[in-house]
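Examination of the molecular architecture
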Amino acid sequence: MNVEKSMCASSGLASRWDRLDWSRHERQVRRLQARIVKATQEGRWGRVKSLQWLLTHSFSGRALAVDRVTSNQGAKTPGVDGATWQMPETRYRAIGSLRRRGYQPQPLRRVFIPKSNGKLRPLGIPTIKDRAMQALYLLALEPIAETTGDPNSYGFRKARSTADAIQQCFCTLSHLDDSAEWVFEGDIKGCFDNISHEWMLTHIPTDTEVLRKWLQAGFVDKRTWFATEAGTPQGGIISPTLANLTLDGLEQLLNRHFGLRRVPGGKRFNPRVHLIRYADDFVITGRSRELLENEVRPLVERFLNERGLQLSPEKTKITHIREGFDFLGQNVRKHRERLLVIPAHKNVHAFLERIRTILHQNKMSAQEPLIRHLSLVIRGWANYHRHVAAKDTFSKVDYRIFESLWYWAKYRHPNKTPGWIAKRYWQQIGPRFWEFAVDAHDSRDGRPFKLRLARAAAVPIRRHVKIRSGANPFDPKWRTYFEERALLKARGLNPRGGGKRETL
C-alpha cells in the first residue's frame, strides 16, 4: 500500500511539473525584473531590495531557477553530494526546497580543465541545489547589473557577444584622421580567484547573508576541505555576474579623468581614452604611450587594488596599432591607414591543431561519422570569425585541412596509390572535384545523398552590427529593439544597431 501511495505521489508531482505554465511564470518574472530596473534607475535602493525579496520568494522565480539548472549542459554534472534532478517529480519537489531560511550551501567540487597556455584552470562545481539557488538570486541581480554596467562591457551579458566587442574596437580605432594609435592590453591576474570578499559583500546589491555563505563555502579537492579566503568560484552560475559587477565602474572612471581637456590657448584636447572589456580581458585606447603608461595604468591599478585584484605582468602591455594586438581570438592592426581585423595566428594554429587531434583520434573511424564531427567543428570556428576579414584565412585553413585529411587517408592505406586514395575518399560534386565526401542516407526518410565535409570558405562574411551600448534587455523601453534584432538574426540578416551611429 505504501509503495502504491509513493508511486501515485511521484506520478502526481511529475504531472504537475509537466503542466507548469512556463509562459505565465516567465511573464511574472519579467514584470518584477522590469520594476527592479526602474527602481535602480531612480536610485530607490530600498525599493530594489523589496522587489528582489519578492522575486526570490516567488513560485515563478524558483520554478524558472530549477528549470534552468536541469536543462543546461551541466544538468547531469553532480556536486559533492552526487545528486542530480533528472526526474520530473524531483524537479517539482525541488521548487519547494529553494528557501532562504535554514539554507546552507555545501562545498564546491574542485576540478581542473586545461588552458590554452598548458596550465590548468580550477573550476568549482556547486551541488545542483546550490546552482538552483544561485540561478534564483541571479534573476534578481542581473537586472541591476545590466542597468548599472559599463556601456562597453560585453562579456557574460545577455544579448552581447565577442562580435560586439570586436566591432567596438573597429568603431574606436578605424577613424582615418583622429583615432587613437596606442592600445593598453590589460589582463587581470586570476580575476575570479582573487576578488575581495569584503568588497563584494559591501558593494554587490544582493542578499548579503546568502552571498556570504556562497563565498565562504570552501571547496573539496581529493576528499579534503579547503577554505576560500577570496574570489568567486569559476563554475558557479552567478560568478560571471559577480565578476562583472566588481569590474563595472572602470569605464566611468576613465571617462571622468580623460574626457575633453583644455590646453593652453583655449583649444580642446581629446586623449581618445576608451575602454572595451570582455569579462576580465580589456583594451584601453589612448593618443600616446606616455598617456597610457603614466596616467591610465596607475589609475587602473588603483581601481583593481581596491577590489583585491592586480594586472598580470606577463599579459599586460602597451602596443602601437600598426604592430597590432590580439583580442578575443582576432588580430587588430592598422595597415596603410586602414584598420584590419583578421583571425589571430594563435587562434588559427589552435584550431588546426584541434583538427589534427580529431584525425589522430579517429585513424580507423568510418568516413561518415568523421565528416559529421569535423563539420561541426569547422562551422563553429568559421561562424565565430565570419564578422571580420577572414576570407583569405578561411581558404588557407581549408587547404591545411585538406593536407591533414590526405595524410589521414594515406595512413589508412599505405600500400595504395594516390589515385586510388583520391577516388576512395574524394568526389566531384557539381563544379568541385575535390570534395571530401561519402554516400550517406537521410535518417528521416532513408533517401541517399552526398555527405560532404564543411568548408570554412563556404561561410559568408557578414559585417556585424554592434548592439547599442545602452541597450538593456530587462528594460521594457528596449523590448522592441531586441525583438527586431532577434527576428532579423533568425532570418539570417544583419540586425540594426539602433539608428544613429554611436559617438565615441
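None of the values given here were measured: they were computed from a predicted structure.

Remarks on the sheet that holds strand β3 (residues 182-187)
Pairing in this open sheet of 4 strands is antiparallel, and the strands run β8-β9-β3-β10 from one edge to the other. Both outer strands of the open sheet, β8 (274-278) and β10 (317-320), are each paired with one neighbouring strand and no more. Along the sheet, successive strands turn relative to each other by an average axial angle of 20°, direction set aside. Relative to β10, β3 runs antiparallel, the two being bridged by 4 bridges. In the sheet register, W182 faces β10, and the bridge partner there is H320.

Side note on the packing of helix α14 (residues 345-361) against helix α16 (residues 391-412)
Interhelical geometry of α14 versus α16 gives an angle of 25° and a closest axis separation of 10 Å. Between α14 and α16, the interaxial angle falls into the category roughly parallel. Judged by the twist between their axes, the crossing of α14 over α16 is right-handed. Contact residues: V348, F351, L352, I355, R356 and L359 in α14; T393, V397, R400, I401, S404, L405 and W408 in α16. Among the residues making up the contact of α14 with α16, the classes are represented as 9 nonpolar, 2 polar and 2 charged.

Examining the pattern of salt bridges
Summed over all chains, the structure comprises 13 salt bridges. Ionic pairing is found between R157 and E146, a salt bridge with its closest N-O pair at 2.9 Å. A residue pair is termed long-range when its members are at least 10 positions apart, and R157 in the loop between α6 (128-148) and α7 (162-173) and E146 in helix α6 qualify at 11 residues. For the pair shown, R157 and E146 are each scored as buried. Note that K450 and D439 form a salt bridge whose closest N and O atoms lie 2.8 Å from each other.

Quick look at the packing of helix α3 (residues 45-56) against α6
How two helices sit against one another is set out by the angle between their axes and by the gap between those axes. Between α3 and α6, the shortest axis-to-axis distance is 8 Å and the interhelical angle comes to 150°. What the angle tells us is that α3 and α6 run roughly antiparallel. At the point where α3 passes α6, the crossing takes the right-handed sense. Contacts from W45, V48, Q52, L55 and T56 in α3 reach L136, Y137, L139, A140, L141 and I144 in α6. Classifying every residue of the contact of α3 with α6 by side-chain character gives 9 nonpolar, 2 polar and no charged.

Re the sheet that holds strand β12 (residues 330-335)
Spatial strand order, β11-β12-β13: 3 strands in an open sheet with antiparallel pairing. Taken across any chain shown, the strands that pair with only one partner, and hence form the sheet edges, are β11 (325-327) and β13 (338-343). The average angle at which neighbouring strand axes cross in this sheet is 30°, direction not considered. Alignment of β11 against β12, held across 3 bridges, turns out to be antiparallel. Residue F325 lies in a different strand from β12, and its bridge partner there is V332.

Procedures and definitions
- Residues numbered from 1 in each chain as written.
- Predicted model: local features only at pLDDT ≥ 70, side-chain atom pairs only at ≥ 80, totals over all residues.
- Heavy atoms only, no water.
- Pairing = 2+ DSSP bridges.
- Helix = DSSP H or I, 4+ residues; strand = E, 2+ residues; numbered from the N terminus.
- Axes fitted to C-alpha atoms, helices over the stretch in contact; angles between N-to-C directions.
- Parallel < 35°, antiparallel > 145°, perpendicular 65-115°, else oblique.
- Left-handed = near helix turned anticlockwise from the far one by under 90°.
- Contact = heavy atoms within 4.5 Å.
- Nonpolar A, V, L, I, M, F, W, Y, C, P; charged D, E, K, R; others polar.
- Salt bridge = Lys/Arg side-chain N within 4 Å of Asp/Glu carboxyl O.
- Buried < 20%, exposed > 50% of the residue type's maximum accessible area, 1.4 Å probe, protein only.

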